[in-house]
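Architecture at a glance
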Protein chains: 2
Amino acid sequence: MHRNNTYFDMDNLKQRVEDIGVVYEQFGKTPIASRVFSFLLLAEPSYKTFDEIREFLNASKSAVSNAINGHLQDGTINYKTFSGDRKRYFYLDLENWKKRVEEYAKKLYDFNNVMEDVLKHRSNNDIEFNNELKDVIDFQNFLNQKIDEAIIKWKEK
Amino acid sequence: MHRNNTYFDMDNLKQRVEDIGVVYEQFGKTPIASRVFSFLLLAEPSYKTFDEIREFLNASKSAVSNAINGHLQDGTINYKTFSGDRKRYFYLDLENWKKRVEEYAKKLYDFNNVMEDVLKHRSNNDIEFNNELKDVIDFQNFLNQKIDEAIIKWKEK
DNA sequence: TTTTTAGTTCTTTATTTACAGAACTAAAAA
DNA sequence: TTTTTAGTTCTGTAAATAAAGAACTAAAAA
């Protein structure tokens, strides 16, 4: 039914797209958005038109449109065009991966600032909790710094 | 209306709990679960009973029960008891913070394995995409390693 | 100028989520 | 033994989400 190690076989590919889509849902994406992601991860060539995506996923235009625009919004995908072809060819913007990791790190960093502010305002009646809170804040700062370092180091590679 | 730098004033505290609750919602928790978190972050003493939480938040028993059990499940909070007192005193399990960071890192790690498997099965027709995918996988592995290192380093401190 | 293409936007519907409130339960206290 | 406590579980509901399908639109092609 399928040959070699590649996803030549359509049914096999469709199942892979579904399976990886389900795994990707844990990152908070909708089923269709997750399948758009997994399709573009597996597809060859790696860029597909709106209608190719829609048809492959057997989903409605509105669902695909919303999913694509969501991904475009957060930088997960991007598109390119070809001269004399009005269609947009969507692809996973893997170059953008680091930026998205940075953005997540920033969320953690910002929340750490909130916790620092909390600690500053707490009374001295609960020293043990305060110490643990300080420890978590320091750990998180330490970790955020390591993540930043990793990103910088990777960039200059 | 309020004095010093502490959250002496109830209304002020309630507003802080709401505000930090809203910030915490971005990590995918429900409104009530987020407020349980922020209340236990700000509360003094740092451990509160079911009913204290319920009353402070002005929420239903079922909502608080579900929120608490969710937090107990993922290790965000824990409880202690006191001899001769049947109530459970819930508190933020800050000691568990690192473990939860580890668990998130594991999610990323697992998904990276999925991507590695995808790369292995892709044909050689789209070298550029494959190279970028390899780069993302390597970056993510590098980052995961840094996170692990940070956790280990912090543990032996 | 009409028609097709490549989508977007609007309307409707099914499902899920978040919560309230009431009914329930098991252990402890009275 | 009855009653209270400290919750849990069940039932109902309002609101939010996810998606289908149809109507729409702007640009390009015929």
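Cut-offs applied
- Residues numbered from 1 in each chain as written.
- Chains lettered and ligands numbered in written order.
- Predicted model: local features only at pLDDT ≥ 70, side-chain atom pairs only at ≥ 80, totals over all residues.
- Contact = placed C-beta atoms within 7 Å.
- Helix = DSSP H or I, 4+ residues; strand = E, 2+ residues; numbered from the N terminus.
- Nonpolar A, V, L, I, M, F, W, Y, C, P; charged D, E, K, R; others polar.
- Pairing = 2+ DSSP bridges.
- Least-squares fit on C-alpha atoms with pLDDT ≥ 70 in both.
- Near = placed C-beta within 6 Å.
- Axes fitted to C-alpha atoms, helices over the stretch in contact; angles between N-to-C directions.
- Parallel < 35°, antiparallel > 145°, perpendicular 65-115°, else oblique.
- Left-handed = near helix turned anticlockwise from the far one by under 90°.

1. Section: the interface of chain B and chain A
On the chain A side, the residues contacting the 37 residues of chain B number 37 residues. Taken together, the elements giving at least two residues each to the side of chain B that touches chain A come down to α1 (10-24), α2 (31-42), α5 (97-121) and α6 (127-155) of chain B. Looking at the side of chain B that touches chain A element by element, the count peaks at eleven residues for α6(B). Residue composition of the side of chain B that touches chain A, by class: 21 nonpolar, eight polar and eight charged.

2. Some thoughts on the sheet that holds strand β2 (residues 77-82) of chain A
All names here are of chain A. Taking strand neighbours across the sheet as the criterion, the three strands line up as β1-β3-β2 in an open arrangement whose pairing is antiparallel. Each of the sheet's edge strands pairs with one partner strand only, and the pair in question is β1 (48-49) and β2. As paired strands, β2 and strand β3 (residues 85-92) are joined by five bridges and run antiparallel to one another. Pairing of Phe82 across the sheet is with Asp85, part of β3.

3. Quick word on the relation of the copies chain B and chain A
In this arrangement, two copies of a chain are superimposed by a rotation about an axis accompanied by a shift along the axis. If you rotate chain B by 180° and push it 0.0 Å along the axis, it lands on chain A with an RMSD of 0.1 Å. Accordingly, the operation relating the two chain copies is best matched by a two-fold axis. Minimal C-alpha distance to the rotation axis in chain B is attained by B:Lys146, lying at 3.3 Å. When the interface residues of chain B are mapped onto chain A, 100% of them again lie at the interface, so the same face is used by both copies.

4. Observations regarding the protein's contact with DNA strand C
Close contacts around DNA strand C come from 21 residues, with A:Phe50, A:Ser62, B:Pro31, B:Ser60 and B:Ser62 the closest. When residues of the surface near DNA strand C are traced back to their parent elements, those giving at least two are α3 (50-57), α4 (61-74) and β3 of chain A together with α2 and α4 (61-74) of chain B. Top element by residues in the surface near DNA strand C is α4(A). It accounts for five residues.

5. Looking at the packing of α2(B) against α4(B)
Residue and element names in this part refer to chain B. Two numbers describe how α2 lies on α4: the axes approach to 9 Å, and their chain directions differ by 65°. Classified by the angle between their axes, α2 and α4 sit roughly perpendicular to one another. Classified by chirality, the crossing of α4 by α2 is right-handed. Of the residues in α4, those touching α2 at Ile32, Ala33, Val36 and Phe37 are Ala63, Val64, Ala67, Ile68, Gly70 and His71. Split by residue class, the contact of α2 with α4 holds eight nonpolar, two polar and no charged.

6. Observations concerning the protein's contact with DNA strand D
For DNA strand D, the set of nearby residues contains 22 residues, the closest of which are A:Thr30, A:Pro31, A:Ser60, A:Ser62 and B:Phe50. Broken down by secondary-structure element, the contributors of at least two residues to the surface near DNA strand D are α2 (31-42) and α4 of chain A together with α3 (50-57), α4 and β3 (85-92) of chain B. With five residues, the top contributor of residues to the surface near DNA strand D is α4(B). The residue makeup of the surface near DNA strand D, split by class, is seven nonpolar, eight polar and seven charged.

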